[in-house]
Amino acid sequence: MAFFSAALASLGGFPEPAPTGDFVWPLDPRPTVVRPFEAPPEPWAAGHRGVDLAGAEGQAVRAAGPGTVSFSGVIAGRGVIAIQHAGGRRTTYEPVEDRDPKGTIESPGDRIGSLSAGGHCGATPCLHWGLLVGTDAYRDPLTLVEDRRVRLLPLG
Ligand SMILES: [Zn+2]
């Protein structure tokens with residue numbers, strides 16, 4: 001019984017594990033990942049520099065972590081918003097309308113705009129969520145929110 005009690009307490013105590021502390025999913029409830037991050041085979045190749053999260057048009061897009069809006073505008077016809085975080089990290093979100101203006105200070109989970117149509121998931125609205133570290137290094141943003149315990153791979 002002790003085992004089950006401990007398991008239940010653990011589940012009840014941490015309904016939304018956040019292993020890195022300050023970061024949350026940018027859509028609530030936790031969205032389905034429609035397309036994962038694909039590192040480009042060469043630095044100049046396309047790959048998929050972010051993840052696509054299924055959502056609904058007009059749904060609130062939330063700041064994934066604490067930071068300041070570093071960009072809010074339209075690029076190639078798509079509304080884009082970016083947040084600068086500590087540690088040289090920047091998260092990007094698109095397509096987003098009704099965006100907070102540049103300079104807005106955000107806390108994790110703050111509404112930064114609304115998911116708009118016109119994403120690159122075809123008829124299904126989705127949020128393209130990106131993570132950059134330093135000036136131009138794209139990383140998998142899921143590393144900010146996923147429970148690493150389930151991502152451990154056996155060594156060798
Ligand atoms: Zn995408």
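Owing to the predicted nature of the structure, the values given are computational and were not obtained by experimental measurement.

Procedures and definitions
Residues numbered from 1 in each chain as written. Predicted model: local features only at pLDDT ≥ 70, side-chain atom pairs only at ≥ 80, totals over all residues. Heavy atoms only, no water. Helix = DSSP H or I, 4+ residues; strand = E, 2+ residues; numbered from the N terminus. Buried < 20%, exposed > 50% of the residue type's maximum accessible area, 1.4 Å probe, protein only. Contact = heavy atoms within 4.5 Å. Donors = N, O, S within 2.8 Å, 3.2 Å for Na, K, Ca; no water. Tetrahedral: all angles 85-135°; square planar, octahedral: opposite > 155°, others 65-115°. Pairing = 2+ DSSP bridges. pLDDT = per-residue confidence, 0-100.

### Considerations on the environment of Leu27
Structurally, Leu27 is set in the loop between α1 (2–13) and β1 (33–35). Given a relative accessible area of 1%, Leu27 falls into the buried group. Along the backbone, Leu27 and Leu115 are 88 residues apart, and their C-alpha atoms lie at a distance of 9.3 Å. When near neighbours in sequence (up to four residues on either side) are disregarded, Leu27 contacts Leu53, Ala54, Gly55, Gln59, Ala60, Val61, Arg62 and Leu127.

### Observations concerning the coordination of the zinc ion
The zinc ion binds to the protein through His48 (NE2), Asp52 (OD), His120 (NE2) and His128 (ND1); the donor distances cover 1.9 to 2.1 Å. In this structure, the zinc ion is surrounded by four donor atoms whose angles at the metal cover 99 to 118 degrees, and the resulting shape is tetrahedral. Sequence positions of the donors to the zinc ion reduce to the motif H-x3-D-x67-H-x7-H. With a gap of 76 residues between them, Asp52 in strand β2 (residues 51–54) and His128 in strand β10 (residues 126–133) connect regions that are remote in the sequence. Comparing Asp52 with His128 shows no difference in burial state: the two are buried.

### Observations regarding the sheet that holds strand β7 (residues 96–97)
Reading across the sheet, the three strands line up as β3-β9-β7 and stay open at both edges, with antiparallel pairing between neighbours. Across the chains shown, the open sheet's two edge strands, defined by having one partner strand only, are β3 (60–62) and β7. In the sheet, β3 pairs with strand β9 (residues 111–115) via three bridges, with the strands oriented antiparallel. Considered in β9, the bridge of Val61 is made with Gly113.

### A word on the confidence of the model for the protein
When pLDDT is averaged along the protein, the result is 84; 80% of the residues meet or exceed 70. In this model residues 1–20 is a low-confidence stretch, pLDDT under 50, and it forms 10 contacts with partners more than four residues away in sequence or in other chains.

### Let's talk about the side chain of Arg62
On the secondary structure map, Arg62 appears in strand β3. On the accessibility criterion, Arg62 (16% relative accessible area) is buried. Look past the residues within four positions of Arg62 in its chain and what remains in contact with it is Val24, Trp25, Pro26, Leu27, Asp28, Tyr93, Gly109, Asp110, Arg111 and Ile112.

### Quick word on the pairing of strand β4 (residues 67–75)
Pairing of β4 with strand β8 (residues 105–106) involves two bridges; the strand directions are antiparallel. What sits directly across from Gly67, in β8, is Glu106. In this sheet, strand β5 (residues 78–84) lies alongside β4 in antiparallel orientation, the contact comprising seven bridges. The residue bridging Val74 from the neighbouring strand is Gly79, located in β5. The loop that links β4 with its antiparallel partner β5 comprises two residues; one of these, Ala76, has a positive phi angle of about 50 degrees.

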